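Now for the letters of each chain:
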Amino acid sequence: DAKTTQPPSMDCAEGRAANLPCNHSTISGNEYVYWYRQIHSQGPQYIIHGLKNNETNEMASLIITEDRKSSTLILPHATLRDTAVYYCIVRGYTNAGKSTFGDGTTLTVKP
Amino acid sequence: DAGITQSPRYKITETGRQVTLMCHQTWSHSYMFWYRQDLGHGLRLIYYSAAADITDKGEVPDGYVVSRSKTENFPLTLESATRSQTSVYFCASSELNTGKGSYTFGSGTRLTVV
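Residues numbered from 1 in each chain as written. Chains lettered and ligands numbered in written order. Predicted model: local features only at pLDDT ≥ 70, side-chain atom pairs only at ≥ 80, totals over all residues. Heavy atoms only, no water.

Colleague: I keep staring at the environment of N73 of chain B and nothing clicks. Help me out?
Modeller: All names here are of chain B. Looking at the secondary structure, you find N73 in the loop between β7 (64-66) and β8 (76-78). We classify N73 as partly exposed; its relative accessible area is 26%. Put simply, N73 and Q18 are 55 residues apart on the chain and 19 Å apart in space, counted from C-alpha to C-alpha. Residue contacts for N73: discarding those within four places in its chain leaves C23, H24, M32, S67 and R68. (Helix = DSSP H or I, 4+ residues; strand = E, 2+ residues; numbered from the N terminus. Buried < 20%, exposed > 50% of the residue type's maximum accessible area, 1.4 Å probe, protein only. Contact = heavy atoms within 4.5 Å.)

Colleague: Any chance you could explain the nonpolar core here in plain terms?
Modeller: When a protein is soluble and globular, its nonpolar side chains tend to lie buried together. Residues and elements named next belong to chain A. Counting residues in each nonpolar core, the largest one holds 22 residues, and the members touching the most others are W35, L73, Y86 and L107. If you list the elements that add at least two residues to this core, you get β2 (18-23), β3 (32-38), β4 (45-50), β6 (61-64), β7 (70-75), β8 (84-91) and β9 (105-110). Tallying contributions element by element places β8 first for this core, with 4 residues. Dropping the residues within four chain positions of it, L107 is found in contact with M10, D11, C12, A18, L20, L75, D82, T83, A84 and Y86. (Core = buried A, V, L, I, M, F, W, Y, C linked by side-chain atoms within 4.5 Å.)

Colleague: I'm lost on the packing of aromatic side chains in this one. Help?
Modeller: By convention here, two paired aromatic rings are described through the distance between centres and the angle between planes. All chains considered together, the criterion is met by 20 aromatic pairs over all chains. Between Y87 of chain A and F101 of chain A, the ring centres sit 5.7 Å apart and the planes meet at 75°, which makes this aromatic pair edge-to-face. Residue Y87 of chain A is located in strand β8, and its partner F101 of chain A is located in the loop between β8 and β9; the two are separated by 14 residues in the primary sequence. The exposure class of F101 of chain A is buried, given its relative accessible area of 1%. Ring geometry for F101 of chain A against Y103 of chain B: centres 5.9 Å apart, planes inclined by 50°, an arrangement best described as tilted. Placement of the pair is F101 of chain A in the loop between β8 and β9 and Y103 of chain B in the loop between β9 (87-94) and β10 (104-105), with the two residues belonging to separate chains. One exposure class covers both F101 of chain A and Y103 of chain B, and it is buried. Sitting above the plane of the Y31 of chain B ring, R91 of chain A keeps its charged end 5.2 Å from the centroid. (Phe/Tyr/Trp six-rings, centres within 6.5 Å; stacked < 30°, edge-to-face > 60°. Lys NZ or Arg CZ within 6 Å of the ring centre and 35° of its normal.)

Below is the structure:
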């Protein structure tokens, strides 16, 4: 099963872009990259996902490298409410039930 | 309301007792999951289910039992609770199609074993 590696913590200034990296060097061809975030002790919330093309929605952008071994979640204008733990996971048909979340990246947005 | 609900929200139990955490979803999602989250750590998969009557172990299944007789319900039972099982438990569900199937999580059950 593909595993992901994320830095344990990052800081970002309010109003600036937050760029959160994720390494998934063992990703296989049918696996998607998903990003979630967890605020305080709430259940994680879906942000965005992609296969190989860059994706954008109202919350964030996802940039996936051409070799698909890493990705970056971009929060274009971070606010204090974006302070949370961000998880990157990979999920495909062969591991549809066993995606592991790891410890994620704690993003702290500072005024 | 449609969604995924967990009950109870909080539970205190004694060591050695059996306790069952409930999870119910209204979308008819094929996949359901149980994760635990210890203080200051990420989520670890306990068990998952791909469909009714199909379950499989995750990373940390020891001491837990699951069943899925109906698509919408996925209860988690601690057969004989231990202090090390004090944690926040999250249930999640997902569509079968992993290209569309993001997880939707419940609000969690905070379990304390004394």
